[in-house]
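Each chain, letter by letter, is given below.
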Amino acid sequence: MNGILPLWKPKGLTSHDCVFKLRKILKTKKVGHTGTLDPDVTGVLPICIGRATKIAEYLTEAGKAYEGEVTLGFSTTTEDASGEKVEEKKIDQVIQRKRILEVLESLTGKIEQTPPMFSAVKVNGKKLYEYARAGIDVERPTREVTIYDITLLDDRSEFKGKTISFRFRVNCSKGTYIRTLAVMMGEELGFPAHMSDLTRIESAGFKQEDCFTFSEVEEFMENGQTDEFLLPLERGLFHLPKFQISDKVAKKVLNGAVLEQTKDVVVEKGMPFVMVDPADKAIAIYQIHPTKEGLIKPVKVLAQEL
């Protein structure tokens with residue numbers, strides 16, 4: 001059993017919980033997810049099965065899109081609705097639509113984020129949430145992420161009330177914390193805030209219409225229809241450059257050979273690219289040799305045979 005299962009993750013499960021559950025349903029140990037989704041978050045979670053686990057990191061690298069809700073008026077320990085209230089500030093003004101749009105515009109592009117304490121980022125070999133649960137505060141690394149665009153999903157011209165909530169859609173790079181983005185929106189508007197709802201609507205090119213639920217996967221398995229939910233691993237490599245090779249060269253690639261860089265292989269150093277056979281089957285992932293001029297070397301061999 002090899003391929004990618006685009007799962008629609010339900011609320012209440014971690015990404016690891018989903019992997020554990022699928023190992024039982026699919027009766028295979030070789031299952032891996034492609035990026036952590038918090039228990040409160042629903043949405044697209046591509047799962048790699050069998051040989052497809054080799055390309056999990058490349059799916060994680062691809063962009064993601066979310067629809068979320070930010071609530072102004074109070075912040076929480078976890079930056080989402082599951083945490084304890086930390087700071088509260090009464091909203092004593094009407095916030096104009098124009099001001100919210102200005103804030104969203106200011107947070108578009110390359111921005112710096114500090115991961116929340118309740119996150120899986122590691123500091124000195126230990127996850128931040130482990131420090132948080134132990135009541136230990138540690139210095140967190142700031143990271144640069146890219147927000148490609150943010151759209152306000154609310155047609156009100158004025159926002160008012162004891163707390164104010166509005167929905168948004170965001171396209172972003174890997175490593176973006178939408179919880180932290182919601183807090184940053186609040187800071188720009190002058191109020192403590194948290195992310196009150198979140199759904200991942202796209203990941204690595206997979207959307208909701210591509211996804212399957214646990215119950216659907218179970219039903220397909222009972223009927224022996226694994227081809228109904230398993231997509232070829234090539235679907236997870238859509239964003240990488242591809243170069244077609246002959247069957248003769250494919251045999252060398254299958255054996256992990258270092259090859260001469262041909263004129264058609266024009267990529268940046270360190271950029272992975274896919275070698276595909278005449279039938280567009282992904283044979284291996286290569287990159288330009290870091291030390292030997294004019295050569296390319298294998299990063300991962302994906303196929304077992306031609």
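Residues numbered from 1 in each chain as written. Predicted model: local features only at pLDDT ≥ 70, side-chain atom pairs only at ≥ 80, totals over all residues. Heavy atoms only, no water.

1. What about helix α1 (residues 15-26)?
One turn of an α-helix holds 3.6 residues; hence residues three or four places apart share an orientation. End to end, α1 covers 16 Å across twelve residues, agreeing with the expected 16 Å (1.5 Å per residue, within 8%). Within α1 the residues assigned to the buried category are Ser15, Cys18, Val19, Leu22, Ile25 and Leu26. Down the axis of α1, the smallest arc covering the buried residues is 125 degrees, so these residues share one side. Of the surrounding elements, those touching the buried residues of α1 are β1 (3-9), β2 (31-33), β3 (42-49) and α6 (214-222). After α1 finishes, the residue Lys27 shows a positive phi value of roughly 55 degrees. (Helix = DSSP H or I, 4+ residues; strand = E, 2+ residues; numbered from the N terminus. Expected span 1.5 Å × (residues − 1). Buried < 20%, exposed > 50% of the residue type's maximum accessible area, 1.4 Å probe, protein only. Arc of directions from axis to C-beta. Contact = heavy atoms within 4.5 Å.)

2. A word on the pattern of salt bridges
Side chains carrying opposite charge are able to pair once their charged atoms draw close together. Throughout the structure, instances matching the rule amount to nine salt bridges. A salt bridge links Arg99 to Glu102; the nearest nitrogen and oxygen atoms lie 3.4 Å apart. Taken together, the positions of Arg99 and Glu102, both in helix α3 (residues 97-106) and three residues apart, correspond to about one turn of that helix. Judged by relative accessible area, which is 35%, Arg99 ranks as partly exposed. The class for Glu102 is partly exposed, based on a relative accessible area of 38%. The salt bridge partner of Arg156 is Asp154, with a shortest N-O separation of 2.8 Å. (Salt bridge = Lys/Arg side-chain N within 4 Å of Asp/Glu carboxyl O.)

3. Comments concerning the packing of α1 against α6
Where α1 meets α6, the closest approach of the two axes is 10 Å, and the angle between their N-to-C directions is 15 degrees. Comparing the axis directions of α1 and α6 gives the class roughly parallel. Our pair here, α1 against α6, has a crossing hand that is right-handed. Across the interface between the two elements, Cys18, Lys21, Leu22, Ile25 and Leu26 from α1 touch Phe214, Val217, Glu218 and Met221 from α6. Its residues placed into classes, the contact of α1 with α6 shows seven nonpolar, no polar and two charged. (Axes fitted to C-alpha atoms, helices over the stretch in contact; angles between N-to-C directions. Parallel < 35°, antiparallel > 145°, perpendicular 65-115°, else oblique. Left-handed = near helix turned anticlockwise from the far one by under 90°. Nonpolar A, V, L, I, M, F, W, Y, C, P; charged D, E, K, R; others polar.)

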